[in-house]
Amino acid sequence: MKSKFQHVALVGKYQTTTASTSGANSRAALLAVAHFLDDLGCDVAMEQDTALNMGITDYPALSVVQIGKQCDLGLVVGGDGTMLGIGRQMAPYGVPLIGINQGRLGFITDVPYDSFAASLAQMLRGAYVEDHRSLMNAQVLRDGHYVFQAMAMNDVVVNPGATSGMVQLRVEVDAHSVANQRADGLTIATPTGST
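Report follows, based on the coordinates. (Residues numbered from 1 in each chain as written. Predicted model: local features only at pLDDT ≥ 70, side-chain atom pairs only at ≥ 80, totals over all residues. Heavy atoms only, no water.)

For the protein chain, the helix and strand inventory stands at five helices and 12 strands. Viewed in the frame of its principal axes, the protein chain has a C-alpha envelope of about 55 × 35 × 30 Å. Pairs at least 24 apart in sequence give 60% of the contacts found in the protein chain among residues at least 6 apart. Carbon and sulfur atoms provide 50% of the accessible area of the protein chain, an area that totals close to 11000 Å². Averaging the coordinates of the 12 positive side-chain charges in the protein chain and doing the same for the 17 negative ones gives two points 3 Å apart. (Helix = DSSP H or I, 4+ residues; strand = E, 2+ residues; numbered from the N terminus. Contact = heavy atoms within 4.5 Å. Areas by Shrake-Rupley, 256 points an atom, 1.4 Å probe, with all protein chains shown as cover. Lys, Arg positive; Asp, Glu negative; His and termini not counted. Charge placed at Lys NZ, Arg CZ, Asp CG, Glu CD.)

All right, on to the packing of aromatic side chains then. Going through the model one piece at a time under the given rule, you end up with three aromatic pairs. Pairwise contacts between aromatic rings join Phe 36, Tyr 113 and Phe 116 into one cluster. (Phe/Tyr/Trp six-rings, centres within 6.5 Å; stacked < 30°, edge-to-face > 60°.)

Turning to helix H4 (residues 80-90), a few remarks are in order. Among the 11 residues that make up H4, eight are buried, leaving the element largely enclosed by the rest of the structure. Where H4 is concerned, the buried positions are Asp 80, Thr 82, Met 83, Leu 84, Gly 85, Ile 86, Gly 87 and Met 90. Looking at the packing, one finds that the buried side of H4 touches strand S1 (7-11), helix H3 (64-70), strand S4 (73-78) and strand S5 (97-101). (Buried < 20%, exposed > 50% of the residue type's maximum accessible area, 1.4 Å probe, protein only.)

Remember, this is a structural readout, not a statement about activity or role.
What follows is the structure, given as structure tokens:
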């Protein structure tokens, strides 16, 4: 079978190391997926933090920027948190991502690890439906200065932090005022929703 995607990058739970049991399981899962892709004739690379923390040296290690410029598919082996993290970073490059669920939650990493070979084989042949996800860019402005800025694929939560009590919020979307709120916090979600 010839894959529609030739250069595939693997991203794992890069905050995990092989010193733990879950790290050893993650490493084994990444290598199983990599060998599966090898057998299909794909050029396989590892995201650099994943490769470093998992001790994987059999494949080229690429930065997110390099993946964005060189790869035509990213496979995320982990849970929704791993997908959300790399999804934000990969968004500017338009590289499609497929999530293989090795975590506890799998709302957006919906290919079960136990059956990844059957599902992935079909997808790599072109049998898939793209699910484009909206992103939002959130900025927190305090006393005329930006104190925080981030891109989110699922939600943005604003709360008073370590202090208790209410916060005064002015919510704007594309420079248009939406609301003035006095509340103990605010959650704004994309269609992906809060996990």
